[in-house]
Amino acid sequence: MPDFKIYNKNCYGLTGISKHTIDALITDPPYGISYQNNEWDKALPDKKIWMDCLTVLKPGAFGAVFSSVRLMHRMMVNLEDSGFIIKDVLFWSYLNGMPKSRDVALDIDKELGVASKKVGAYKYVQGYKKHGAENYKTGKEKHILSPASEIGVQYKGSGLGIKPAYEPIILIQKPLEKKLSVAQNIIKYGTGALNLEETRLPYEKGEGKVGHNPHPKGRVAANIIRTDAIDDGYDKFFMVPKVRQHAEDFNHHPTLKPVALMQHLVKLLSRENQMVLDPFMGSGSTGLACVTLHRKFAGFEIDKTYFNIAKKRLKKG
Ligand SMILES: C[S@@+](CC[C@H](N)C(=O)[O-])C[C@H]1O[C@@H](n2cnc3c(N)ncnc32)[C@H](O)[C@@H]1O
């Protein structure tokens, strides 16, 4: 029977969760970048919630907190100021990120009152929308423009951003209980070490084993997780493709995370029957990873619609 408790309420205060009862924190909180203009993503979480998390976590417990390239420094400072130790930053790296940029040369034409040259046309396709194919047929034709002013021509091809190719995941730890060694902390609380054994990457067929005393289960997972293989002869990373926004018919959460990625983190940070917390659970991807891996789960989601989607996913298991 899946063992989870989810709350449709504001996570601040973590009402209902007792002190020193949580074995791992795994969460994808607001990034503070107003993603797709979502109101809930306007600001980074306040330090208060990380202090609440510190209180309910057992000493030595680990946490994984997703963040954005632009604001991860602030998230890390908030976590550190709240009492967590920053252990590492995992990179979930992918090839299909789209640069958010502008055609500066065309802006210059506009500013100078010069009409840009029409050099072609295309039909707009919204790839991730469910009815993308229909949009393609009915989509409005758009002009391809080239700069015409002298300065515009000089700046042809300039933009404001490079292609985003990773998402950072901050790995944190609550300090061990004072005066306890790692071994003593583990014996007392069951927390204090990463579960490397469950996340080892099996050797590939024909691959020479690593080191003097190769581990039978393969190599230790790296702090880089990838979506696609790189053909460079050294592709020894755990791989999880990105997930499409409408992959599940009933789930339209705009920042849905792949369950396989959450399962990797759940395995790394916890053991069977331990309790994992996600204060910003959205449509419940962390929870789903937990119930499929025999971990207990506690989650909070402020939005009723997302909460109901999470409930449905967790019940289905
Ligand atoms: C980045 S999304 C998580 C998406 C999730 N990883 C998934 O796969 O569905 C963050 C979620 O936090 C919720 N949220 C924001 N502030 C909150 C708060 N104070 N308490 C509880 N939930 C909150 C938002 O409604 C949003 O669904």
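Residues numbered from 1 in each chain as written. Predicted model: local features only at pLDDT ≥ 70, side-chain atom pairs only at ≥ 80, totals over all residues. Heavy atoms only, no water.

Chemist: Explain the site of the ligand to me, and be specific about the residues and the numbers.
Modeler: The ligand sits among 21 residues. The nearest are Asp28, His253, Ser283, Ser285 and Glu301. Contact between the ligand and aspartate 28: a nitrogen atom at 2.8 Å from a side-chain N or O atom of the residue. Between serine 283 and the ligand, the recorded distance is 2.6 Å, taken from a side-chain N or O atom to an oxygen atom. Protein chains bury 96% of the 600 Å² of accessible surface belonging to the ligand in isolation. Of the residues belonging to the shell around the ligand, the class tally is 11 nonpolar, six polar and four charged. (Near = heavy atom within 4 Å. Polar contact = N/O pair within 3.5 Å; in protein donor to acceptor, adjacent residues only side chain to side chain. Areas by Shrake-Rupley, 256 points an atom, 1.4 Å probe, with all protein chains shown as cover. Nonpolar A, V, L, I, M, F, W, Y, C, P; charged D, E, K, R; others polar.)

Chemist: Could you give an account of unusual backbone geometry, naming the residues involved and the relevant values?
Modeler: Positive phi, close to 55°, is recorded for serine 34, a residue that is not glycine. Among the secondary structure elements, serine 34 is positioned in the loop between β2 (22-27) and α1 (47-56). Phi is positive for lysine 179, which is not a glycine, with a value near 75°. Looking at the element boundaries, lysine 179 is found in the loop between β7 (166-173) and α6 (182-189). By relative accessible area, which is 85% here, lysine 179 ends up exposed. (Helix = DSSP H or I, 4+ residues; strand = E, 2+ residues; numbered from the N terminus. Buried < 20%, exposed > 50% of the residue type's maximum accessible area, 1.4 Å probe, protein only.)

Chemist: Kindly report on the side chain of histidine 264, identifying the contributing residues and their values.
Modeler: By secondary structure assignment, the location of histidine 264 is in helix α7 (residues 259-269). By relative accessible area, which is 4% here, histidine 264 ends up buried. Among all residues touching histidine 264, those that are not within four sequence positions of it are Thr199, Ala221, Ile225 and Phe238. (Contact = heavy atoms within 4.5 Å.)

Chemist: Let's hear about the sheet that holds strand β11 (residues 296-300): which residues, and what values?
Modeler: Strand order in the open sheet formed by nine strands is β1-β11-β10-β2-β3-β7-β4-β8-β9, and the pairing between neighbours is mixed. Here the strands that pair on one side only, and so sit at the sheet edges, are β1 (4-7) and β9 (238-239). Relative to strand β3 (residues 57-66), β2 runs parallel, the two being bridged by five bridges. Each residue of the ladder has a partner; that of alanine 24, found in β3, is phenylalanine 62. (Pairing = 2+ DSSP bridges.)

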